[in-house]
Amino acid sequence: MIHVLLFADLEEKIGKRTLMINETSITLSALRSKLMAEYPSVTGLSSAVMAINEEYANETAVAKEGDQIAFIPPVSGG
């Protein structure tokens, strides 16, 4: 299982802070696509920054069983 953390409006729109993904290994790009297919009405997944185990990662990075993946949407403020 891969543990997915959602922040800000992603958490609000999906209605959960955490998701468990039944995969042993998946690229972040494939994981993003999987979540976008499962939650098609949730905007923000496509532009969210991702991290593996609290370190920013790019689309080609591979998440493995036991990893914690964070989806962090862009924020603004001032």
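Here, the structure is the one placed above.
Residues numbered from 1 in each chain as written. Predicted model: local features only at pLDDT ≥ 70, side-chain atom pairs only at ≥ 80, totals over all residues. Heavy atoms only, no water.

Observations regarding the overall build of the protein chain
In step 1: Secondary structure summary: the protein chain contains two helices and seven strands in total.
In step 2: In summary, the protein chain has a C-alpha radius of gyration of 12 Å against a globular reference of 12 Å for 78 residues, a match within 12%.
In step 3: With the C-alpha coordinates of the protein chain rotated into their principal frame, the extents come out at 35 × 25 × 20 Å.
In step 4: The buried share among the 78 residues of the protein chain stands at 36%. (Helix = DSSP H or I, 4+ residues; strand = E, 2+ residues; numbered from the N terminus. Rg over C-alpha atoms; globule rule 2.2 N^0.38 Å. Buried < 20%, exposed > 50% of the residue type's maximum accessible area, 1.4 Å probe, protein only.)

A short note on the pattern of salt bridges
In step 1: Across all of its chains, the model carries four salt bridges by this definition.
In step 2: Glu23 is the partner of Lys34 in a salt bridge, and the nearest nitrogen-oxygen pair spans 3.2 Å. Taken together, the positions of Lys34 in helix α2 (residues 28–38) and Glu23 in the loop between β2 (18–21) and β3 (25–27) put the pair 11 residues apart, joining distant regions of the chain.
In step 3: The partner of Arg32 in a salt bridge is Glu59, with the nearest N and O atoms 2.7 Å apart. Here the residue Arg32 occupies a position in helix α2, and Glu59 occupies one in the loop between β5 (55–57) and β6 (62–64), the gap between them amounting to 27 residues.
In step 4: The class of Arg32 is buried, set by a relative accessible area of 8%.
In step 5: Here Glu59 falls in the partly exposed class, since its relative accessible area comes to 31%. (Salt bridge = Lys/Arg side-chain N within 4 Å of Asp/Glu carboxyl O.)

Topic: the pairing of strand β7 (residues 68–72)
In step 1: Taken together, the four bridges between strand β1 (residues 2–6) and β7 define a ladder with parallel strand orientation. Paired with Leu6 across the strands is Phe71, a residue of β7.
In step 2: Across four bridges, strand β4 (residues 49–52) lies against β7 in antiparallel orientation. Its bridge partner lying in β7, Val49 is registered against Ile72. (Pairing = 2+ DSSP bridges.)

Keep in mind these values describe shape, not function.
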